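# Summary of the model geometry
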Amino acid sequence: MNADPFRCISWPVQPPLPADALVLAPMVSLSHRALRELILRFGGMDLAFTEMASAGALVSESPYDAWYLDAEPEPAKTILQFYTTKPGRLAEALAMVADKPVFGVDINFGCAAPHIKRAGGGAAWMREPEKARDLVALARAAWPRNLSAKLRIGPEEDYGALRDFAQGLIEAGIDFLTLHPRLEDEKFRRKSRWDYVGRLAAELPVPVLGNGDVRSFSDWTRRRTEAAPAGVMLGREAVRRPWIFALLRGREASPDFALEVKLRDTAFDFLDLLEARLPADMHLTRARKFFFYYADNATYAHHLRWKLQNAPDLPAMRTILDAYFEEVPQDRVRLERD
Ligand SMILES: Cc1cc2nc3c(=O)[nH]c(=O)nc-3n(C[C@H](O)[C@H](O)[C@H](O)COP(=O)(O)O)c2cc1C
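Computed from a predicted model, the values in this text were never measured in an experiment. (Residues numbered from 1 in each chain as written. Predicted model: local features only at pLDDT ≥ 70, side-chain atom pairs only at ≥ 80, totals over all residues. Heavy atoms only, no water.)

### Comments concerning the confidence of the model for the chain
The line we're drawing: Every residue gets a pLDDT, meaning the predictor's confidence in that residue, from 0 to 100. In this description, contact between two residues means that some pair of their heavy atoms is separated by no more than 4.5 Å.
Here the chain averages 95 in pLDDT, and 96% of its residues register 70 or above. Considering only residues more than four positions removed or in separate chains, one finds that residues 1-9, a stretch of pLDDT under 50, has seven contacts.

This is the structure we're talking about:
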């Protein structure tokens with residue numbers, strides 16, 4: 001007899017977090033199926049978060065949330081991220097995704113976008129530890145598989161408050177958490193504070209993923225040594241260099257590892273995937289967002305970024321890319337080591 005019949009019916013085994021996991025971060029307009037498939041062409045990552053979807057919008061059948069929550073091509077490695085302003089909405093949304101064979105669901109406690117915080121979602125929950133705990137307890141009851149939380153440090157530098165907040169969520173039932181160690185309203189100019197990751201990872205009884213400013217093999221090695229997280233999540237660098245996960249694993253296996261990357265072809269592959277996997281009215285915004293970061297690979301990054309940001313459609317982007325790589329042929333292929 002199994003003591004927990006709910007778990008045993010459809011999900012007999014709860015997959016554990018892969019050891020030393022490399023994880024794609026949730027990023028609005030960026031962490032979609034086309035990006036995951038592009039990364040997969042280089043070998044993939046251990047786990048990937050979707051961009052955050054609004055539980056309320058999903059429940060009210062907004063046309064876009066189904067796309068945000070598309071877990072293909074590797075649902076078993078995908079974590080659906082939700083933000084919510086009301087606990088009941090999250091429970092309803094979880095019932096709606098119950099059939100998806102995903103790795104898990106994550107609750108966003110870190111988004112500091114003013115309209116979301118004002119409505120009581122994202123980082124606003126970190127100011128209400130009791131309510132956040134109740135939210136997790138409700139989600140736990142509604143969702144039998146992996147349940148995680150993504151946090152920032154909180155409204156101010158107070159390690160004890162952060163630890164207590166995290167401890168409350170753990171008692172309410174989360175299986176692991178991710179810390180992006182910046183304060184609630186801090187922008188990317190301020191460095192992430194990885195000492196907070198190290199302390200949480202050492203003190204909490206669940207795995208803690210660390211996230212923030214990991215851009216190279218050197219960064220990854222340093223953060224793992226200093227903070228010993230259960231895994232590392234990468235956001236912007238995975239857009240800038242969709243091959244970064246392959247590079248990290250390759251360098252880990254051999255210090256001589258180098259990856260030959262076709263910059264031009266990768267850009268075109270991305271546009272093809274975007275057209276194949278997302279609806280037409282999402283193409284231009286997603287392409288602009290992707291190239292905002294990817295253009296950093298070009299020798300004349302400023303120039304290429306500006307042109308792509310102003311392109312009216314994807315065919316125009318292809319023309320701009322063709323012209324750029326004709327003019328700067330040395331940028332077509334690059335050898336990456338760090
Ligand atoms: C464009 C953009 C969108 C983001 N959207 C989300 C989101 O939907 N949910 C979330 O928890 N964090 C979001 N974040 C934060 C990232 O997940 C991550 O915590 C942050 O970028 C730091 O990691 P990085 O330095 O590796 O980029 C977003 C970040 C960026 C740049």
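### Some remarks on the site of the ligand
In plain terms, the rule: When we say a residue is near a molecule or strand, we mean one of its heavy atoms is within 4 Å of it. Polar contacts, as used here, are pairs of N or O atoms within 3.5 Å; protein pairs need one atom able to donate a hydrogen and one able to accept it. Residues neighboring in sequence count only if both atoms are side-chain atoms. What sets the accessible areas is the Shrake-Rupley method with a 1.4 Å probe; for residues, cover comes only from the shown protein chains. Lys, Arg, Asp and Glu make up the charged group, whereas Ala, Val, Leu, Ile, Met, Phe, Trp, Tyr, Cys and Pro make up the nonpolar group; the residues left over, Gly among them, are polar.
What surrounds the ligand is a group of 19 residues, the closest being Pro26, Asn211, Asp213, Gly235 and Arg236. Here His180 contributes a side-chain N or O atom positioned 3.2 Å from an oxygen atom of the ligand. Alone, the ligand offers 610 Å² of accessible surface; in the complex the protein occludes 89% of this. Here the residues of the shell around the ligand are counted per class, giving nine nonpolar, six polar and four charged.

### Here we look at the side chain of Asn146
So the rule is basically this: Strands here mean DSSP runs of E at least two residues long; helices mean DSSP runs of H or I at least four residues long; both are numbered from the N terminus. Partly exposed residues are those whose accessible area sits between 20% and 50% of the maximum for their type, while under 20% is buried and over 50% is exposed, using a 1.4 Å probe and protein chains only.
Examined against the element boundaries, Asn146 turns out to sit in strand E6 (residues 146-151). In this structure Asn146 comes out as buried when scored by relative accessible area, which is 6%.

### Concerning the environment of Asp175
Within the secondary structure, Asp175 sits in the loop between helix H8 (159-172) and strand E7 (176-179). For Asp175, a relative accessible area of 25% gives the class partly exposed. C-alpha separation for the pair Asp175 and Leu58, spaced 117 residues apart in sequence, amounts to 24 Å. Setting aside its immediate chain neighbours within four residues, Asp175 contacts Gln14, Arg140, Arg145, Asn146, Leu147, Val206 and Pro207. A distance of 3.1 Å separates polar atoms of two side chains, one belonging to Asp175 and the other to Arg140.

### Topic: the packing of helix H10 (residues 217-227) against helix H12 (residues 244-253)
Here is the rule: Helix axes use the C-alpha atoms of the stretch in contact, all axes being lines fitted to C-alpha atoms, and the angles between their N-to-C directions lie in the range 0 to 180 degrees. Should an angle fall under 35 degrees it is called roughly parallel, over 145 degrees roughly antiparallel, and 65 to 115 degrees roughly perpendicular, with every other angle called oblique. When the near helix sits turned anticlockwise from the far one by under a right angle, the crossing is termed left-handed; a clockwise turn instead gives a right-handed crossing.
Two numbers describe how H10 lies on H12: the axes approach to 10 Å, and their chain directions differ by 70 degrees. Regarding the angle of H10 to H12, the classification is roughly perpendicular. Crossing of H10 over H12 shows right-handed handedness. Two secondary-structure elements touch here, H10 through Phe217, Trp220 and Arg224 and H12 through Leu248, Arg249, Arg251 and Glu252. A breakdown of the residues in the contact of H10 with H12 according to their chemical character gives three nonpolar, no polar and four charged.

### Here we look at the packing of aromatic side chains
We apply this condition: Classification of ring pairs rests on two measures: the distance between centres of Phe, Tyr or Trp rings, Trp counted by its six-membered ring, which must be within 6.5 Å, and the angle between planes, read as stacked under 30 degrees, edge-to-face over 60 and tilted in between. The criterion for a charge sitting over a ring is simple: Lys NZ or Arg CZ within 6 Å of the ring centre, and within 35 degrees of the ring normal.
All told, the structure shown has 13 aromatic pairs when counted by the stated rule. Judged by centre distance (5.3 Å) and plane angle (90 degrees), the rings of Tyr324 and Phe325 are edge-to-face. Given the relative accessible area of 4%, Phe325 is considered buried. Ring pairing ties together the aromatic residues Phe42, Trp243, Phe270, Phe290, Phe291 and Tyr294, which thus form one cluster. Taking NZ or CZ as reference, Arg199 lies 3.9 Å from the ring centre of Tyr159, over its face. Sitting above the plane of the Phe268 ring, Arg264 keeps its charged end 4.2 Å from the centroid.

### Considerations on unusual backbone geometry
The peptide bond linking Glu72 to Pro73 adopts the cis configuration, its omega dihedral lying at 5 degrees. Examined against the element boundaries, Pro73 turns out to sit in the loop between helix H4 (65-68) and strand E4 (78-83).

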